[in-house]
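Next come the chains, spelled out residue by residue.
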Amino acid sequence: MSSELLDRSCRDLRDQIAGGEVSSVEATKAVFEAIGKYEETIGAYISTFEKEALERAGEIDKKAAAGEEVGALGGVAVAVKDNMCTTFGATTCASKILESFRSPYNATAVEKLLNAGAVIVGKTNLDEFAMGSSTENSGLRQTINPWDTSCVPGGSSGGSAAAVAAGMCFAALGSDTGGSIRQPASLCGVVGLKPTYGRVSRYGLVAYGSSLDQIGPLTRTVGDCALMMNIIAGHDAADSTSVDEERAPVCDYLAKLDEAIGGLKVGVVPEFVAGADEDVRRAIADAIEVYKGLGAEVIEVEMPHLDYAIAAYYVIATAEASSNLARYDGVHYGHRTEEPSDYIEVYSKSREEGFGKEVKRRIMLGTYALSSGYYDAYYLKALKVRNLIRGDFTNAFEKCDCIMMPVSPTTAFKIGEKVDDPLKMYLSDIYTIAANLSGIPGISIPCGFDGSNLPIGLQILSPAFSEDRLLRIARMFESTTDYHKKRPVIVD
Ligand code: GLN
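Residue positions are counted from 1 within each chain, in the order its sequence is given. Restriction of local features to residues with pLDDT of at least 70 applies here, the model being predicted, together with a cutoff of 80 or more for giving and counting side-chain atom pairs; totals for whole chains, interfaces and linings are based on all residues. Side-chain descriptors were evaluated using all non-hydrogen atoms of the structure, hydrogens and water having been removed beforehand.

Quick word on the nonpolar core
Item 1. Only buried Ala, Val, Leu, Ile, Met, Phe, Trp, Tyr and Cys residues count toward a nonpolar core, and they belong to the same one when joined by side-chain atoms within 4.5 Å. When a residue's accessible area, from a 1.4 Å probe over protein chains only, is under 20% of the maximum for its type it is buried; when over 50% it is exposed; and in between it is partly exposed. With 159 residues, the main nonpolar core has Leu-73, Phe-129, Tyr-291 and Ile-460 as its most contacted residues.
Item 2. Each helix corresponds to a stretch of at least 4 residues labelled H or I by DSSP, and each strand to a stretch of at least 2 residues labelled E; elements are numbered beginning at the N terminus. Looking at this core element by element, the count peaks at nine residues for helix α10 (residues 309–324).
Item 3. The contact criterion used throughout is that any non-hydrogen atoms of two residues lie within 4.5 Å. Excluding residues within four positions of it along the chain, Phe-129 makes contact with Cys-93, Ser-95, Ile-97, Leu-98, Val-206, Tyr-208, Leu-325, Tyr-328, Phe-355 and Val-359.

Quick look at the structure:
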């Protein structure tokens, strides 16, 4: 990343655009210059909208010049994961089955960004239908980690994380069903927040596992993450699972961000973390020392059911996916096979041709887990395990304010290293999945580098609807360390 314009935080950039010191057109052009330079190597985007973005930036500049309100993200160039519906461009979910699908409406989160004055530069790559941990399952393209072009960016929001890390946007939206915001954020050295289930509307987010999916921001700083949350959080009448603001009020996440929390109690689960790579364990231990230095007390908590999280998740997520993906039938949406010999073939061939290998695997696993005779043994049992894991968190949060652990057991792995071994890939989700099963928020913040200079993320988990405190805890670390300031040198 070269241009110093690109180093600015969304907050500063927005204020400078509003104050007429920097033009949105200039900042957006810098973003497209970076895209021109690095996109061929990184492959973060499925689509970009240069002409429209520059036009919109021009409109924001005019507003600023006329002294009009530009919005909380006025003129700032952002990206959106391509599993969120937009009326502009296609909404592909990185799947051949939706390659030319155009949505008649915007997802609520996207609409909120636009209302806040954001300039949307493009839609980012992902594992097909958000199923994966490396973005290698994309049916459309490969995304590369900006820190090491032989490595994956993580997934499934790999395009969003890589774009933010490479300066090809100032912030992005991702979605997290089992770690898809936090894990790529960790592997690409940026900040990623999965909000509490129900905090951000899922309306217009193409469903994968509906009881787990949540939209959230990927940014370079905790402050920008708070700013994005101020824009996207809140109740939405179009999503019945978004939570009533009287029950759980939305905060001004920026207001007290810089106030440190006194008497912070940090929970740790030593035996659970023992399986992570040594570099990762060392970085997490060092990060916890930083918190101790800031006055935090560290408490060991017992979470006996975490070991079963992966098994439960891959039953529940695939069961929900098998049901959600039934709508792609060659009739309602997307790809339809040519010249079917009968109506059954309209369904079977359209699906066979449109879905990739991993998506088919999950539809079959989920259908199996839900089928008569197996429902009780697999699906119902997984739901019971989910309750036990929730209970583990409830008990732990009686003793501590937050829990810290790695995001991923390893740093970015090599392209091709795990893609042919699904179990190996699933196991890499060990630290992120429990937050989705429990509905609680989790953040990944940069906390170090391994011996090959690949970024490591610290995961902080906190009780449901405590994003304000979670962001403040994250900010405490960021304001005393420099890890978030280091940017990748992209070898193009
Ligand atoms: N890696 C997990 C999966 O493959 C999580 C993906 C996600 O959060 N969308 O299901």
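So, the site of the ligand
Item 1. Throughout, near means a residue has at least one heavy atom within 4 Å of the molecule or strand. Around the ligand sit 15 residues, and of these Thr-177, Gly-178, Ser-180, Tyr-208 and Tyr-313 come closest.
Item 2. The term polar contact refers here to a pair of N or O atoms within 3.5 Å; inside protein, the definition further demands a hydrogen-donor-capable atom paired with an acceptor-capable atom, and it admits residues adjacent in sequence only when both atoms are side-chain atoms. In the model, a nitrogen atom of the ligand is placed 2.8 Å from a nitrogen or oxygen of the Ala-130 main chain.
Item 3. Here an oxygen atom of the ligand sits 2.7 Å away from a polar atom, N or O, in the main chain of Thr-177.
Item 4. Per-residue and other accessible areas follow the Shrake-Rupley method at a 1.4 Å probe size, with only the shown protein chains counted as cover for residues. Starting from 290 Å² of accessible surface for the ligand in isolation, the protein chains cover 100%.
Item 5. Tallied by class, the residues present in the shell around the ligand amount to five nonpolar, seven polar and three charged. Lys, Arg, Asp and Glu make up the charged group, whereas Ala, Val, Leu, Ile, Met, Phe, Trp, Tyr, Cys and Pro make up the nonpolar group; the residues left over, Gly among them, are polar.

Notes on the pairing of strand β9 (residues 402–406)
Along any regular strand, the residues point their side chains to alternate faces of the sheet.
Item 1. Counted residue by residue, β9 has five buried out of five residues, so it is predominantly covered.
Item 2. In the sheet, strand β7 (residues 265–268) pairs with β9 via two bridges, with the strands oriented parallel. Pairing of Gly-267 across the sheet is with Ile-403, part of β9.
Item 3. As paired elements, β9 and strand β11 (residues 455–461) share four bridges and run antiparallel to each other. Within β11, the position partnered with Met-405 by the bridge is Gln-459. Paired strands, as defined in this entry, are two strands with at least two bridges between them according to DSSP.

Some words on unusual backbone geometry
Item 1. In this model, Gly-155 is joined to Ser-156 through a cis peptide bond whose omega is 10°.
Item 2. Assignment of secondary structure puts Ser-156 in the loop between β3 (119–124) and α5 (158–165).
Item 3. Within the chain, Phe-129 stands out as a residue other than glycine whose phi angle is a positive 55°.
Item 4. In this fold, Phe-129 is placed in the loop between β3 and α5.
Item 5. Its relative accessible area of 2% is what places Phe-129 among the buried residues.
Item 6. In this model, Glu-339 sits at a positive phi of 50°, which is unusual for a non-glycine residue.

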